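Here's the letter readout for the chains.
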Amino acid sequence: MYEPIRTPSVHTMADRARTGGPLPRRSREEELDDRLAGHLTALLTVTDELRAHAPDVELDDAAQRLDAQVARLCGGRAPLRAEPSAAGADASRVAALHQRAHTLAGQALVVATSRSDTAAVSLAAERMETHARALGLAEVG
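My aim in this report is to walk through the structure given alongside it, one point at a time. Since we're looking at a predicted model, the values are computed, not measured.

For the rest of this paragraph, the subject is the pattern of salt bridges. One pass over the structure, following the stated rule, counts 10 salt bridges. Linking Arg-93 and Glu-49 is a salt bridge whose minimum nitrogen-to-oxygen distance equals 3.4 Å. Here the residue Arg-93 occupies a position in helix 4 (residues 91-114), and Glu-49 occupies one in helix 2 (residues 28-53), the gap between them amounting to 44 residues. With a closest N to O distance of 2.3 Å, Asp-117 and Arg-115 form a salt bridge. You can call Asp-117 buried: its relative accessible area is 7%. When salt bridges that share partners are traced, they join Glu-58, Asp-61, Arg-65, Glu-126 and Arg-127 into one network.

With that settled, consider unusual backbone geometry. Of note in this structure, Ser-116 is not a glycine but carries a positive phi near 55°. Tracing the backbone through its elements, the reader meets Ser-116 in the loop between helix 4 and helix 5 (118-135). Note on Ser-116: relative accessible area 62%, which makes it exposed.

Rules of the game
- Here the residue numbers are simple positions, counted from 1 along each chain's written sequence.
- Thresholds applied to this predicted model are a pLDDT of at least 70 for local features of residues and 80 or more for the giving and counting of side-chain atom pairs; totals over whole chains, interfaces and linings are not thresholded and use all residues.
- Side-chain metrics in this entry use all non-hydrogen atoms of the structure; hydrogen atoms and water are not considered.
- Salt bridge, as used here: a side-chain nitrogen of Lys or Arg that lies within 4 Å of a carboxyl oxygen of Asp or Glu.
- Only DSSP runs of H or I with at least four residues qualify as helices, and only runs of E with at least two residues qualify as strands; both kinds are numbered from the N terminus onward.
- Working definition: with a 1.4 Å probe on protein chains only, accessible area under 20% of the residue-type maximum means buried, over 50% means exposed, and in between means partly exposed.

Here's what the structure looks like:
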């Protein structure tokens, strides 16, 4: 009629955490590094997709710089890169990709600013401006 609980209670796990038990602990900097690497990897994926639909030398350069930043944050490991979908998307698809890239660059900028990573702040801000120009959200020049 009664099934005993076979997993440790949350109180037991909390006690282990307070006494330095086996729960993994990560610093705030490590968490921010992972979060920033994730945002930059997502931005790289969207950039690769844009490169497939609207080839541009500036996007090629941005992809290389994003790749380098992610590798730096991940201890030298290059990010996994998705295969872009078929080329030749219409203007609305390209605009949606620019909007997504703008949003991701903004998220990366917030995290990079909080961890005081000047290189990532610069790259994220540049990507935000570029995608804003592509969307007509910012004045050129």
